[in-house]
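Results of the structural survey
Listed below, chain by chain, are the residues.
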Amino acid sequence: MNFQRIREKLNILADAAKYDVSCASSGSDRANKDNGLGNASRMGICHSYTEDGRCISLLKVLLTNHCIYDCAYCVTRKSNDVKRAAFKIQEVVDLTINFYRRNYIEGLFLSSGIFKNPDYTMERLVAVAKKLREEENFNGYIHLKSIPGASDELMYEAGLYADRLSVNIEVPTISGLKLLAPDKKHEDFKKPMLKVKNEIIRYRSERKVIKSTPKYAPAGQSTQMIVGASGETDMDIMYSATYYYRAYQMRRVYYSGYVPVADDARLPAIGSQVPMLRENRLYQTDWLLRFYGFAVKEILNSDHPNLDMDVDPKLSWALRNLHHFPVNVNTAEKAMLARIPGIGMQSVEKILKARRFRKLNWDHLKKMGVALNRAKYFMVCDSRYWERRDLDADKIKGMILQTSSGKYRNKFSAQLSLFN
Amino acid sequence: MKSSSTLIYDGSFNGFLTAIFIAFDEKINVADIQKNNQCQNGLFSETETVFTNVEKAKRVWNGIRSKSHNAISNVYFAFLSETEGVELILYTYIQKLMSSKNGKHLDYSDNIVSHVTQLARKVSKEKHRMEAFVRFQLTKDDVYFANIEPDYDILPLISKHFRNRYADQQWLIYDVKRKYGIYYNLDHVELVSLNLQEIHFNKIRKSDVFEAEEYDYQTLWNDYFKSTHIKSRINPKLHRQHMPKRYWKYLSEKKEAV
Ligand code: SF4
């Protein structure tokens, strides 16, 4: 190994890859084959954490940061004055294997700037994955970036070796895309996604008939959207996320608060705050849609095109819909329990189990981890004490805010005050 | 009333299960269950020494498992927490379980049940942490070697994970606190105790038991780790919450921070 050269490349190409937030290594269950190296665990493991508290589970690098395009929001854009580098295929393979053997990582996340043309680039990404699987007998996790515009044949091959494929939408509205990434066409994003989706469906149905059908992208597809770069509303973002979940059966949509990387009149200035609270609220909304049975139009609609920054989206929905409350936790259906602010899905399960034995009171609920400071305004239980005052939404919100010390409240008080 | 007695066992999980067997079988009024190296005689109870018997232990294991899979793992995990007095807590838990009609629906608002669940959860959390935080270093005789110093006795719990994942390399994970390790010899995993000359936590100084290339890869991993943070998003509190400081000693990416 030429250590100094690899070191230099790694520094450049890892740095350029870090703005991609999706690092999940979950959702695949590739087993160890023939006493080879590695397996993909269903839950995914975080082997380390960045100093901003995000999970590190994959070696996330670009194959190269040379790029023929000039997307305004991207550090790798052609017009940006940065050092460029490119890994050889074997170099990425060696790094992955050696990191993996030391238990540093779950696998590889390989993306790339677009070098020459989309197919030329995609071909190299596929070559890395193929080498890992076929020459190294590597069964760890591989996430490849689908390069917008890549051919169907290459996308087909990619899915044979990778656990997950992703295309980053980056800009949720078509008008924003025109403005910020003029070389890219909306269709170029959709084409590889559609191919992969169709193959996944085809393989799944073949698997039902022939058990030995090989896996095809077992962890599915994901995508990422940048938040706060093109003046989009939360409604724009979540409606388009819902579309991608449905139309392409995405496993995950990631939301990434825009980190300013360019002095460009089309974008927020360098040094402006990363909209982390907003990012957090979008993730909360995403969870409500996927696990809590909410429909997107209940949370965001033309009357409420943006999420409330003060309180989480579930509480915000409850405050707008007080007529559904209070809910009796000892008798309510599961779907309604899940809508009580301060009660998470885990608590819902516990409540359902425990209420078979006895009627639950405040003490029981507290022990189960229910956030009573929020929940108490929206529920009754086996106790004579419950909120009897006829409070309106603003009052309740005010009282909850007084007693809560949300993760983001102090740190982002400056940002918060913008919205008050 | 029958006088109560304290059961003394050898400290192993099988020993503990044997004690449970005897307690049930002989309908003993149990005052306490203690490890033989830390027993304190209660003033008002007699002591009885339990000889570990794998057959009896197995019957208890199966008995609990047939009530609930969840319960048997709770018992095992909580036991490995090595919490003082955990044996008596588990004894009560098992009593409740055995007298319940259906073990699957244990009552989580019950104190003992929630205590055992909590202990088990703590151990399980550390098990997962160790699966993540073990850092192998490649020795000159081709063994991937790691020292750990976990709060709980989690080696028996992580063995399978490493065996499944690193099936084509020799590896050894050594618990320096409890002075034993698990070693995979390309065929199966065995328990080992070592006479360690030195404990290999992070030092800037290099040890000659490891391959020279080992340190190159550590440097690359360190660089990689550093390159992952986005400065404008730094959050040390969250960072420490995920990766508590007490583990840093063995994490090569935290070399400079220790
Ligand atoms: S094509 Fe990709 S790498 Fe190139 S500038 Fe656009 S976003 Fe960046």
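Bear in mind the structure is a predicted one, so any value in this text is a computation, not a measurement. (Residues numbered from 1 in each chain as written. Chains lettered and ligands numbered in written order. Predicted model: local features only at pLDDT ≥ 70, side-chain atom pairs only at ≥ 80, totals over all residues. Heavy atoms only, no water.)

With respect to the domain arrangement of chain A
Interfaces are often described in size by the accessible area the parts lose on coming together. Residue and element names in this part refer to chain A. Structurally, chain A comprises domain 1 (3-299) and domain 2 (313-417). Here the C-alpha centroids of domain 1 and domain 2 sit 36 Å apart. Listed as interface residues are 16 residues of domain 1 and, on the opposing side, 13 residues of domain 2. Roughly 1,400 Å² is buried in total at the junction of domain 1 and domain 2, and carbon and sulfur atoms are behind 63% of that figure. The largest per-residue losses of area from domain 1 upon contact with domain 2 belong to Leu-277, Tyr-292 and Phe-294, which jointly make up 42% of the total buried on that side. In this structure, the connection of domain 1 to domain 2 is made through one salt bridge. For Arg-339, the salt bridge identified is with Glu-298, shortest N-O distance 2.8 Å. Taken together, domain 1 and domain 2 are joined by five residue pairs in polar contact (both at pLDDT 80 or more). (Domains from an automatic or database assignment. Contact = heavy atoms within 4.5 Å. Buried area = accessible area lost by both parts, 1.4 Å probe. Salt bridge = Lys/Arg side-chain N within 4 Å of Asp/Glu carboxyl O. Polar contact = N/O pair within 3.5 Å; in protein donor to acceptor, adjacent residues only side chain to side chain.)

Concerning the pattern of salt bridges
Residues and elements named next belong to chain A. Counted according to the given criterion, the structure contains 31 salt bridges over all chains. Salt-bridge contacts for Arg-278 lead to Asp-234; the nearest nitrogen and oxygen are separated by 2.6 Å. Here Asp-234 lies in helix H7 (residues 234-247) and Arg-278 lies in helix H8 (residues 276-291), a separation of 44 residues in the sequence. The buried category is assigned to Asp-234, whose relative accessible area is 1%. Connected via shared salt-bridge partners are Lys-195, Glu-199, Arg-202 and Glu-206. (Helix = DSSP H or I, 4+ residues; strand = E, 2+ residues; numbered from the N terminus. Buried < 20%, exposed > 50% of the residue type's maximum accessible area, 1.4 Å probe, protein only.)

Brief notes about the state of the cysteines
All names here are of chain A. Applying the stated rule across the entire model yields one disulfide over all chains. Bridging Cys-46 to Cys-55, the disulfide has an S-S length of 2.2 Å. Disulfide Cys-46 to Cys-55: torsion about the S-S bond roughly -110°, handedness left-handed. In this structure Cys-55 comes out as partly exposed when scored by relative accessible area, which is 22%. (Disulfide = S-S within 2.5 Å.)

Some words on the sheet that holds strand S6 (residues 170-175) of chain B
Sheet strands associate in pairs through backbone hydrogen bonding, adopting either a parallel or an antiparallel arrangement. Residues and elements named next belong to chain B. Taken together, the five strands give an open sheet; going across it, the order is S4-S5-S6-S7-S8, and neighbouring strands pair in mixed fashion. Two strands lie at the open edges of the sheet, namely strand S4 (137-138) and strand S8 (189-192), each paired on one side alone. In this sheet, S6 lies alongside strand S5 (residues 143-148) in parallel orientation, the contact comprising six bridges. Each residue of the ladder has a partner; that of Ile-148, found in S6, is Asp-175. (Pairing = 2+ DSSP bridges.)

Some words on the domain arrangement of chain B
Residues and elements named next belong to chain B. Domain assignment breaks chain B into domain 1 (4-126) and domain 2 (134-257). Both sides together, the interface formed by domain 1 and domain 2 hides about 820 Å², and carbon and sulfur atoms give 59% of it. Interface area lost by domain 1 to domain 2 is led by Leu-80, Glu-82 and Glu-126, which between them contribute 64%. At the junction of domain 1 and domain 2, the tally comes to one salt bridge.

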